[in-house]
Amino acid sequence: MVTYDFDGKTVLVTGAARGQGRSHAVRFAEHGADVVVTDVCETKHGSRYELSDESDLADTVDAVEDAGGDALGLRMDVTDEAEVEGAVEHAIDEFGHIDVLANNAGIAPVGGLMDLDEETWNGTLDVVLKGVWLCSKHVGKHMIERGEGGRIVNTSSTAGLVASPGLGHYTAAKHGVIGLTKALATELAEYGITVNAVCPTAVDTPMTGGIVETIDEDLGELAEQSGTDNLFEDILQPEDVSNAFLWLSSEDAQFVTGIALPVDAGATAL
Ligand SMILES: NC(=O)c1ccc[n+]([C@@H]2O[C@H](COP(=O)([O-])OP(=O)(O)OC[C@H]3O[C@@H](n4cnc5c(N)ncnc54)[C@H](O)[C@@H]3O)[C@@H](O)[C@H]2O)c1
């Protein structure tokens, strides 16, 4: 295992109550960081499977502390600018600064584009794309003002590189995350802030379970188009994605910015 030094650094993770977000929080703490763990803690924005609740977020706080980091757990909906601004201020009051922003929150309500309702389109685009912009805006302004650089890592997906059948709205939003990543990278480079995206294939988290549970019968043909999304036998675990977050947030990646890094077990090589 590679060792990183995040001593004295503060990392803010969105969607941190479970899944990949929890893993990112714990892995950063294992390498010395203090972590602000944020989550909406409520099922909303058209998600068709249950999102996290406050007890999940409390479990992440415990897991970060067990890993040796200080943790601050905050309810924050990434689509709500006032909540984002408030959480960023709260994090700075508590830890003094934010060095790394891990934009991870997301929803993936299944539905073909011909049948999709506006609520699902808007909800998905708001959480997956607008949320990344709002969090990057408020943490980015703090990083600029502080003048010590920073790291922003966004969660796209293989659905940001190729179409994901039955998830056209999510595909559009995750492609948007890559465009936004490049735009942020160009605006923030002069301040020593790098901005990159990670593109995982299917990961073993509650979201993947939620997608499988909610695939309607009438989506059958679309779902069958999925084909293989992994050249290996094992499904990715959240830690596999966290490793990319750690590297992109480290000193080793100081000249890496504006990229979309597949962590996809070869899925997009096909
Ligand atoms: N699971 C996969 O196969 C997969 C593959 C590629 C990319 N991704 C992306 O990885 C990220 C993490 O997903 P996961 O697999 O851990 O899913 P997950 O459902 O287990 O976790 C997502 C977390 O985001 C939170 N969240 C949802 N809406 C929010 C909002 N408006 N504000 C704040 N928090 C909110 C949820 O409560 C939940 O705790 C997402 O961006 C997802 O799109 C997932």
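Let me begin by describing the structure that accompanies this report. (Residues numbered from 1 in each chain as written. Predicted model: local features only at pLDDT ≥ 70, side-chain atom pairs only at ≥ 80, totals over all residues.)

## Remarks on helix α4 (residues 118-146)
Stated formally: Numbering goes from the N terminus for both helices and strands, where a helix is a DSSP run of H or I of at least four residues and a strand is a run of E of at least two. Each helix should span, by expectation, one fewer than its residue count multiplied by 1.5 Å. Working definition for bend: take the seven residues up to and ending at a residue and the seven starting at it, fit an axis to each, and measure the angle between the axes.
The end-to-end C-alpha distance of α4 is 40 Å, a good match for the 42 Å that 29 residues give at a rise of 1.5 Å each. Of all the bends found along α4, the most pronounced is centred on K130 and spans about 40 degrees. Remark: G147 follows α4 within two positions and exhibits a positive phi of approximately 75 degrees.

## Side note on the site of the ligand
Heads up, the rule is: In this text, near has one meaning. A residue is near a molecule or strand if its C-beta atom, placed using the backbone, is within 6 Å of it. Gly is put with the polar residues, along with every residue not named as nonpolar or charged; the nonpolar set is Ala, Val, Leu, Ile, Met, Phe, Trp, Tyr, Cys and Pro, and the charged set is Asp, Glu, Lys and Arg.
Near the ligand there are 31 residues, and of these G15, G19, G106, T205 and M207 occur at the shortest range. For the shell around the ligand, the elements supplying multiple residues, two or more each, are α1 (19-30), α4 and α6 (206-214). Taken together, the residues of the shell around the ligand sort by class into 13 nonpolar, 15 polar and three charged.

## With respect to the sheet that holds strand β1 (residues 10-13)
Hydrogen bonds between backbone groups are what pair the strands of a sheet, and the pairing can be parallel or antiparallel. What counts, and what does not: Strand pairing is assigned whenever DSSP detects at least two bridges linking the two strands. What counts as an axis is a line fitted to C-alpha atoms, over the stretch in contact for a helix, and the angles between N-to-C directions run from 0 to 180 degrees. Residues are treated as contacting if the C-beta atoms built from their backbones sit within 7 Å of each other.
The strand order across the open sheet built from seven strands is β3-β2-β1-β4-β5-β6-β7, with neighbouring strands paired in parallel fashion. Only two strands of the sheet have a single partner each, and these edge strands are β3 (71-75) and β7 (260-263). The mean angle between the axes of side-by-side strands here comes to 20 degrees, regardless of whether they run parallel or antiparallel. Where β1 lies against strand β2 (residues 34-39), four bridges are found, and the strand directions are parallel. Bridge pairing in β2 links T10 to D34. Against the sheet, helix α3 (residues 81-95) contacts β1, β2 and β3, and its axis sits at roughly 160 degrees relative to β3. Lying on the sheet, helix α5 (residues 168-188) is in contact with β5 (150-155), β6 (193-200) and β7; it crosses β6 at an angle near 165 degrees.

## Points about the environment of H90
Locating H90 in the fold gives a position in helix α3. Here the alpha-carbon distance between H90 and A25, two residues 65 residues apart in the chain, equals 18 Å.

## So, the packing of α1 against helix α2 (residues 54-66)
Counted only if it meets this: If an angle is under 35 degrees, it is roughly parallel; if it is over 145, roughly antiparallel; if it lies from 65 to 115, roughly perpendicular; otherwise it is oblique. Crossing chirality is assigned from the near helix's rotation relative to the far helix, an anticlockwise turn below a right angle marking it left-handed and a clockwise turn marking it right-handed.
Running from N to C, α1 and α2 point in directions that differ by 20 degrees, and their axes come no closer than 8 Å. One finds that α1 runs roughly parallel with respect to α2. Crossing of α1 over α2 shows right-handed handedness. Between α1, through R22, A25, V26 and A29, and α2, the contact on the second element is made entirely by T60, A63 and V64.

## Remarks on the pairing of β7
Working note: regular strand, side chains alternate between the two faces of the sheet. Here is the rule we go by: The burial criterion counts other C-beta atoms lying within 10 Å of a residue's C-beta, which is placed from the backbone; the residue is buried at 20 or more, exposed at 12 or fewer, and partly exposed between these limits.
Every second residue of β7 is oriented toward a common face, the buried set being A260 and P262 and the non-buried set L261 and V263. Note: β6 against β7, four bridges, orientation parallel. Across the sheet, the residue bridging to A197 is A260, located in β7.

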